[in-house]
Amino acid sequence: MDSTLNRISASAAPFSVYKFQKLHFLSSSSTRISVKRLFCSNSKLEINRPQDDAVLDESAFEAQRLRLDAKAREAMAETSKREMEADTEDDPKAWKWVIRKRIWDFMEARNFAQNPRPVHHRIPNFVGASAAAKNLAGLDVFRNADCVKVNPDSPQKQVRFLTLSGGKKLLTPQPRLRTGFFSVLESHFLPPNAINEACTSVGVAKYGRPIGLDEKIKVDLIVIGSVAVDPNTGARLGKGEGFAELEYGMLRYMGAIDDSTPVVTSVHDCQLVDDIPVEKLLIHDVPVDIICTPTQVIFTNTTILKPQGIYWEKLSLEKLGQIRILRELKSRIERESGQKLPCGPSEKLPPTAQRRRNSRK
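Residues numbered from 1 in each chain as written. Predicted model: local features only at pLDDT ≥ 70, side-chain atom pairs only at ≥ 80, totals over all residues. Heavy atoms only, no water.

As recorded by an unreviewed UniProt entry, the protein chain carries the name 5-formyltetrahydrofolate cyclo-ligase and is attributed to Manihot esculenta.

What follows is the structure, given as structure tokens:
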């Protein structure tokens, strides 16, 4: 294996492989408990889903998805340029873009990237993604899971395939939460030989069952995409849009996951870094417990606290405007609780939050 695969970071110090240790569930506050009760009520949040007798226009669906994805990447490119040009003291997210760009540039330059390319402003697809998925599927936490939540990005397609082909329930978000929330897929409800198609965006739209926030579901494992991840701490960077964090927060509010639910990522070896400053992470950033690459499995034994839900005071009006399910959830909580939820500042100047650590067991 090329030595350049070891680490693309500020230092060349080797990292250790740690044993996985489950994080203990933290007791909920009274506010959290009351919100959770709201999700068990009889009222339902409306989900934008096609009628059962509607025929999906696959070509139109895919064309619209690609168009909206391109538009989103253009917006993120503008955001990254603006934030990287800003003083890091004034914009606490600028350092994240420096790391992301370094990884994206390196993967393209060394041809470790796979289609769709270029990988900039994406969860990058990579050479060996199937091998990383195979390593992930060999984990006890995967083999023992009944329901696995997997992100919809290209490098995790094989993970979605192994989930369905293994007879497990697959929970996957609708891309950028544009048209709804999550969809559930199960292999025994699919037509013969449809598993591979069901792992694509079109397949999820065709065969998935959209769910709402009232769904009674238990997720046993979360698989999340990454741009960069630190094997020493479990600190992770996504592509910069924050959807993985929102998905995690909504699953917490549903009671579908807790602190003990393992979070796994699959990445190329060159996406391992050691220069993500834990103290600069935001309170909603999701750490990972296990990293699977094409060549190794790393148990991070992370001590970074996992998010406890949606932090409305950090959620900008811009982000609320993009995601219908969040707007409906916010209105519902306000209506049921009789209290106005806060909103965060503009995404141009996001707030910071010091990250505390659990003591290692």
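Provide a residue-level description of the confidence of the model for the protein chain, including the pertinent values.
The predicted model of the protein chain averages 81 in pLDDT, with 77% of residues at 70 or higher. Every residue in residues 1-53 is under pLDDT 50, and counting partners more than four places away or in other chains gives 115 contacts. (pLDDT = per-residue confidence, 0-100. Contact = heavy atoms within 4.5 Å.)

Please set out the sheet that holds strand β1 (residues 147-150) residue by residue, giving values where relevant.
Adjacent strands of a sheet pair through backbone hydrogen bonds, lying either parallel or antiparallel. The strand order β4-β3-β2-β1-β5-β8-β9-β10 describes an open sheet built from 8 strands, whose pairing is mixed. Sheet topology places β4 (209-211) and β10 (297-299) at the edges, where each strand pairs with a single neighbour. Each strand of the sheet is rotated relative to its neighbour by a mean of 25 degrees, with strand direction disregarded. Together, β1, β2 (169-173), β3 (182-185), β5 (221-224) and β8 (263-266) form the strand contacts of helix α6 (residues 157-165), whose direction differs from that of β2 by roughly 150 degrees. (Pairing = 2+ DSSP bridges. Helix = DSSP H or I, 4+ residues; strand = E, 2+ residues; numbered from the N terminus. Axes fitted to C-alpha atoms, helices over the stretch in contact; angles between N-to-C directions.)

Which residues make up the pairing of β8, and what are the values?
Where burial is concerned, the two faces of β8 agree: the one with Val263 and Thr265 and the one with Val264 and Ser266 are both buried. Pairing analysis gives 3 bridges linking β5 to β8, with the strands arranged parallel. Each residue of the ladder has a partner; that of Val223, found in β8, is Val264. Across 3 bridges, β8 lies against strand β9 (residues 290-292) in parallel orientation. Residue pairing in the sheet places Thr265 in a bridge with Ile291 of β9. (Buried < 20%, exposed > 50% of the residue type's maximum accessible area, 1.4 Å probe, protein only.)

Any details on helix α9 (residues 243-254)? Residues and values, ideally.
The terminal C-alpha atoms of α9, which comprises 12 residues, lie 16 Å apart, in line with the 16 Å expected from a rise of 1.5 Å per residue. For α9, the complete set of buried residues consists of Phe243, Ala244, Glu245, Leu246, Glu247, Tyr248, Gly249, Met250, Leu251, Arg252, Tyr253 and Met254. (Expected span 1.5 Å × (residues − 1).)

Describe the pairing of β5, and please don't skip the residues or the numbers.
Covered by surrounding structure in β5 are Leu221 and Val223 together with Ile222 and Ile224, the residues of both alternating faces. Relative to β5, β1 runs parallel, the two sharing 3 bridges. Bridging across to β5, Val150 finds its partner in Val223.

Give a detailed account of the packing of aromatic side chains, specifying residues and quantitative values.
All told, the structure shown has 3 aromatic pairs when counted by the stated rule. With a centroid separation of 5.9 Å and 50 degrees between ring planes, the pair formed by Phe106 and Phe112 is classed as tilted. Take Phe106: its relative accessible area is 19%, and that puts it in the buried class. Assessed through its relative accessible area of 13%, Phe112 is described here as buried. When the ring of Phe181 is compared with that of Phe182, the centres are 4.4 Å apart and the planes differ by 70 degrees; the resulting orientation is edge-to-face. Phe182 shares its class with Phe181; the two are buried. Positioned above the aromatic ring of Phe142, the side-chain terminus of Lys168 is 5.2 Å from the ring centre. (Phe/Tyr/Trp six-rings, centres within 6.5 Å; stacked < 30°, edge-to-face > 60°. Lys NZ or Arg CZ within 6 Å of the ring centre and 35° of its normal.)

How would you explain the environment of Lys319 if you had to name every residue and give the values?
The residue Lys319 is located in helix α10 (residues 317-322) in this model. Along the chain, Lys319 and Gly344 lie 25 residues apart, while their C-alpha atoms are 9.7 Å from each other.

Quick rundown of helix α3 (residues 94-109)? Include the residues and the values.
The periodicity of an α-helix, 3.6 residues per turn, causes residues three or four positions apart to be oriented the same way. Over its 16 residues, α3 extends 23 Å from the first C-alpha to the last, a length consistent with the 22 Å expected when each residue adds 1.5 Å. Residues of α3 that are buried include every one of Ala94, Trp95, Lys96, Trp97, Ile99, Arg100, Ile103, Trp104, Phe106, Met107 and Glu108, and no others. Asn111 lies just past α3 and shows a positive phi near 65 degrees.

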